[in-house]
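The chain contents come next:
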Amino acid sequence: DAMVIQNPRYQVTQFGKPVTLSCSQTLNHNVMYWYQQKSSQAPKLLFHYYDKDFNNEADTPDNFQSRRPNTSFCFLDIRSPGLGDAAMYLCATSRDAGVNEKLFFGSGTQLSVL
Amino acid sequence: QKEVEQNSGPLSVPEGAIASLNCTYSDRGSQSFFWYRQYSGKSPELIMSIYSNGDKEDGRFTAQLNKASQYVSLLIRDSQPSDSATYLCAVKGGGFKTIFGAGTRLFVKA
């Protein structure tokens, strides 16, 4: 089945220790997104890639970076995680940029910062 | 003002009843509206989308949109305990960004 896969499902890191979360997709979608969701809050868009074009949300901290080496894979790098970065990180894809395009989510990575 | 507002709940309904979930949004330019269901600790999954004023039905689910009032709702008929989850309202205008509400927690009592 075509899908969006995130690894790992749970990630524990130490305060200030860089961490990378990964996402892959077999849907061949053009757009990949990273959302951050804290407990009982709305998912918040961090950035997206349309093909190789990267778009950072204005309020995304510099501590967060992303890479998309090819159509299938996208990575979220947190350079120096703080306690406030503990959250669920959701990777999503959409086929294209149209207004009716739906999001397809991976299973998420729950990040804990000790 | 939040861009997408939902009552956080919990909304508690007995099994077999109709659950009614509501959402308001601030951007009049929003064009697409979505309801996602999210079980605790899981990722959101799309259950309904609606793009024009009126009602859209899919099985036990009905989405309702009123753009003049900037209001979207989701009705769940014959609610089941398995419907117990958080329901996220999401809106999209032109471009890439889908904006989510914080969700309404629904609890269906057996």
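Nothing here was measured: the structure is a model prediction, and the numbers come from that model.

(A) Region of interest: the interface of chain B and chain A. Of the residues lining the interface, 22 residues belong to chain B; the matching set on chain A comes to 25 residues. Overall, the association of chain B and chain A removes approximately 1800 Å² of surface from exposure, summing both partners, and the carbon and sulfur fraction of that is 57%. When the buried area of chain B at its contact with chain A is split by residue, S43, F96 and F100 of chain B rank highest and sum to 32% of it. Note that E57 of chain A and K97 of chain B form a salt bridge whose closest N and O atoms lie 2.9 Å from each other. Linking chain B with chain A are ten residue pairs in polar contact (both at pLDDT 80 or more). When residues of the side of chain B that touches chain A are traced back to their parent elements, those giving at least two are β4 (32-38), β9 (85-92) and β10 (98-100) of chain B. In terms of residue count, the dominant contributor to the side of chain B that touches chain A is β4 of chain B (four residues). Among the residues forming the side of chain B that touches chain A, the class breakdown is nine nonpolar, ten polar and three charged.

How each quantity is defined
Residues numbered from 1 in each chain as written. Chains lettered and ligands numbered in written order. Predicted model: local features only at pLDDT ≥ 70, side-chain atom pairs only at ≥ 80, totals over all residues. Heavy atoms only, no water. Contact = heavy atoms within 4.5 Å. Buried area = accessible area lost by both parts, 1.4 Å probe. Salt bridge = Lys/Arg side-chain N within 4 Å of Asp/Glu carboxyl O. Polar contact = N/O pair within 3.5 Å; in protein donor to acceptor, adjacent residues only side chain to side chain. Helix = DSSP H or I, 4+ residues; strand = E, 2+ residues; numbered from the N terminus. Nonpolar A, V, L, I, M, F, W, Y, C, P; charged D, E, K, R; others polar.

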